[in-house]
Amino acid sequence: MIPASSLSTQAADWRLQWREAVTDPQQLLAMLGLDRLADQVRAVPRQHFGLRVPRSFVGRMRAGDAADPLLRQVLPLRDELIQAPGFGLDAVGDLPSLAGTGVLHKYQGRALLIATGSCAIHCRYCFRQHFPYSEQTAARDRWKPAIEQLRGDQGISEVLLSGGDPLTLATPRLRELTDQLAELAHIRRLRIHTRLPIVLPARVDAELCNWLGSLPWPVAMVVHSNHGNEIDDEVAAALARLRSTGVSLLNQSVLLKGVNDDVATLATLSERLFAAGVLPYYLHLLDRVQGSSHYEVPEARIAELERGLRTCLPGYLMPRWVREVAGEPYKTPYVASL
Ligand SMILES: *Cc1c(COP(=O)(O)O)cnc(C)c1O
Ligand code: SF4
């Protein structure tokens, strides 16, 4: 662990912590005593999904450990330049589903709002890195085009806020959305997909909790943690604050080579999540996104891991293993054949 004195994680205001995120790979390596990795790092212009990691997350990395599973999620490596066959720019078929209002409607009854293109952390395996978000977010024009589209579709009962990361928006902007959604009688559930409670727990402030507690629907919040080391006391406290608002907390992960591709790591993640009041929801097999082939776990190993994990966990701590297949009506379940 990094001594807390070298990090400014104590700042109360999450916006300050947001601005103080580490964006220079050489600085990150210096903070961790890993300057020797410099020649493995790829130079990425900041505006093109460069390195971005909040200091609170850096504080959970192990100094001197080149294989640290949190570091491995964010460090832009030269391996990203590998052009692997089958790895493309729109791996999950989002572009054809986009209606032009920041609303993605792929699955029956559920509409996903791309609330914003911003994230507090840049996860190197993420398909969002190639997505032309700036024009497509639902928050533009005070959410009006998105609301009009939802108003016109009585079949939608659940709205998902996603992105980017919707909790990077200021709370009053989120309230502006939910005030308008509350006028649509056919909406019965709200879901929020966010990584902020994990990577920037200070975001879970009183203002956010007041907003969540005031919503007229049952709310599910799906956080995104890939490794048990991400869940320290500060994160557990943020998750407890969220639970006290009445939201149901779920987690999704991605299976990543070099991060969480062993049974004990995945089992510990489920156990830590549960101890913090979060149930495992999905474990996604990697989307085949350009620049992410070094994270892919071989098929035979995937099967071994799935059976191994199922063997050692109670059923309710076993996430649903899924693969997103473009054009399918739901995330495709993955179960190792016997
Ligand atoms: C993943 C996803 C959802 C949610 O799917 P669930 O199986 O309900 O979690 C909804 N819309 C889109 C576009 C998605 O990609
Ligand atoms: S959308 Fe989620 S997984 Fe992708 S970069 Fe942002 S925080 Fe990471």
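The structure we're discussing is the one just above.
For clarity, every value in this text was computed on a predicted model and none was experimentally measured.

Draft legend 1. How the structure looks around the overall build of the protein chain. Along the backbone of the protein chain there are twelve helices and nine strands. Computed over the C-alpha atoms, the radius of gyration of the protein chain is 19 Å, within 12% of the 20 Å expected from 2.2 N^0.38 for a compact globule of 338 residues. Its C-alpha atoms put the protein chain at 55 × 50 × 40 Å along the principal axes. Within the protein chain, the fraction of its 338 residues that count as buried is 56%.

Draft legend 2. View of the site of ligand 2. The environment of ligand 2 is made up of F49, C119, I121, C123, C126, R128, G164, R195 and H224. Taken together, the residues of the shell around ligand 2 break down into five nonpolar, two polar and two charged.

Draft legend 3. The arrangement of helix α7 (residues 171-181) in detail. Within the sequence span of α7, burial applies to T171, L174, E176, L177, T178, Q180 and L181. Residues of α7 that are buried sit in contact with β2 (110-114), α6 (144-151), β3 (158-162), β4 (189-193) and α9 (206-213).

Draft legend 4. Up close: the site of ligand 1. K106, Y107, R110, L112, L160, R191, Y281, Y282, E324 and K331 make up every residue found near ligand 1. Between an oxygen atom of ligand 1 and a side-chain N or O atom of Y282, the distance comes to 2.6 Å. One of the side-chain N or O atoms of K331 is found 2.9 Å from an oxygen atom in ligand 1. Each residue belonging to the shell around ligand 1 can be placed in one class, and the counts come to five nonpolar, no polar and five charged.

Draft legend 5. Representation of the nonpolar core. Counting 80 residues, the largest nonpolar core has L28, V53 and M61 as the members making the most contacts within it. The residues touching L28, leaving out its near neighbours within four places in the chain, are V22, L51, V53, V58, M61, L71, V74 and L75. Counting residues in each nonpolar core, the second largest holds 15 residues, with L255, M318, Y334 and A336 among its members.

Draft legend 6. Spatial organisation of the packing of helix α11 (residues 263-275) against helix α12 (residues 299-312). Across the interface, α11 lies against α12 with an axial gap of 9 Å and an inter-helix angle of 45°. Viewed along their axes, α11 and α12 adopt a mutual orientation that is oblique. The interaxial crossing formed by α11 with α12 has right-handed handedness. Contact residues: α11 offers V263, L266 and A267, while α12 offers L305, G308, L309 and C312.

Draft legend 7. Broad picture of the environment of D79. If you trace the backbone, D79 turns up in the loop between α4 (71-74) and α5 (94-97). Considering only alpha carbons, one finds D79 and H122, 43 residues apart in sequence, at a separation of 16 Å.

Draft legend 8. Quick peek at the sheet that holds strand β5 (residues 219-224). Here we have nine strands laid out as an open sheet, ordered β1-β2-β3-β4-β5-β6-β7-β8-β9, and mixed in their pairing. Two strands close off the open sheet at either side, each with one partner strand: β1 (103-107) and β9 (332-333). Pairing of β5 with strand β6 (residues 248-254) involves five bridges; the strand directions are parallel. Bridging from a neighbouring strand, H224 pairs with Q252 of β6. Across the face of the sheet, α6 comes into contact with β1, β2 and β3 while running at roughly 35° to β1.

Draft legend 9. Region of interest: the environment of L174. Within the secondary structure, L174 is located in helix α7. Remark: the alpha-carbon pair of L174 and A238, spanning 64 residues in sequence, is separated by 19 Å. Excluding residues within four positions of it along the chain, L174 makes contact with L161, P166, L167, L169, R203, L208 and W211.

Thresholds, definitions, all that
Residues numbered from 1 in each chain as written. Chains lettered and ligands numbered in written order. Predicted model: local features only at pLDDT ≥ 70, side-chain atom pairs only at ≥ 80, totals over all residues. Heavy atoms only, no water. Helix = DSSP H or I, 4+ residues; strand = E, 2+ residues; numbered from the N terminus. Rg over C-alpha atoms; globule rule 2.2 N^0.38 Å. Buried < 20%, exposed > 50% of the residue type's maximum accessible area, 1.4 Å probe, protein only. Near = heavy atom within 4 Å. Nonpolar A, V, L, I, M, F, W, Y, C, P; charged D, E, K, R; others polar. Contact = heavy atoms within 4.5 Å. Polar contact = N/O pair within 3.5 Å; in protein donor to acceptor, adjacent residues only side chain to side chain. Core = buried A, V, L, I, M, F, W, Y, C linked by side-chain atoms within 4.5 Å. Axes fitted to C-alpha atoms, helices over the stretch in contact; angles between N-to-C directions. Parallel < 35°, antiparallel > 145°, perpendicular 65-115°, else oblique. Left-handed = near helix turned anticlockwise from the far one by under 90°. Pairing = 2+ DSSP bridges.

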